[in-house]
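Observations on the three-dimensional arrangement
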Amino acid sequence: MAQSLNLTVDQGSDFLVNLTVTDDSGTAYNLTEWTANSSFKKHHTASTYYDFTSEVVVASTGNLNLVLPGTTSSNIPSGRYYYDVVLKSNANTAVKRVLQGTVKIDPKVSR
């Protein structure tokens, strides 16, 4: 089962969250043989989606960053979205959803 974590992004600001991806027992995934992908959208059937850049920091400890540049977040309408982080094996033999939650895009007021 995927772990849950809710995120808040300030519209127009650079966003980075550092995560350690673990299984249900709390053991960190070794990401050496996996590729991480993460997207978010208004609801699960929405056709418009946005991608986080997933950067593996230390593969052996399951450590990765989700990144959203301010130039990208400034073009995303404010509101609540749903996201997940999916691991795909490099051999294309397995897919695991390891993290999920909401992303709140807080509106920018200043120019």
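These lines cover the structure that appears in this document, whether it is placed above or below. This one's a predicted model, so the numbers in the text were calculated from it and none came from an experiment.

1. A closer look at unusual backbone geometry
One non-glycine residue with positive phi stands out, namely Asn92, at about 60°. Structurally, Asn92 can be placed in the loop between β7 (79-89) and β8 (95-106). By relative accessible area, Asn92 is classed as exposed at 68%.

2. What about the pattern of salt bridges?
Enumeration over the complete set of coordinates arrives at 1 salt bridge. For Lys104, the salt bridge goes to Asp106, with nearest N and O atoms at 3.3 Å. Taking relative accessible area as the criterion, Lys104 reaches 45% and is therefore assigned partly exposed.

3. Brief notes about the packing of aromatic side chains
Given two aromatic rings, one states the distance between the centres and the angle between the planes to describe the pair. Tallied over the full model, the rule gives 6 aromatic pairs. Considering the side-chain rings of Phe40 and Tyr81, the 5.5 Å spacing of their centres and the 80° angle between planes classify their relative orientation as edge-to-face. Linking Phe40 in strand β4 (residues 34-41) with Tyr81 in strand β7, this pair joins segments that are 41 residues apart in sequence. With centroids separated by 6.2 Å and ring planes inclined at 80°, the aromatic side chains of Phe52 and Tyr83 adopt a geometry described as edge-to-face. Of the two residues, Phe52 is situated in strand β5 (residues 50-58) and Tyr83 in strand β7; the sequence distance between them amounts to 31 residues. Take Phe52 and Tyr83: they sit in the same class, and that class is buried.

Basis of the calculations
Residues numbered from 1 in each chain as written. Predicted model: local features only at pLDDT ≥ 70, side-chain atom pairs only at ≥ 80, totals over all residues. Heavy atoms only, no water. Helix = DSSP H or I, 4+ residues; strand = E, 2+ residues; numbered from the N terminus. Buried < 20%, exposed > 50% of the residue type's maximum accessible area, 1.4 Å probe, protein only. Salt bridge = Lys/Arg side-chain N within 4 Å of Asp/Glu carboxyl O. Phe/Tyr/Trp six-rings, centres within 6.5 Å; stacked < 30°, edge-to-face > 60°.

Purely spatial values, then, with no claim about function.
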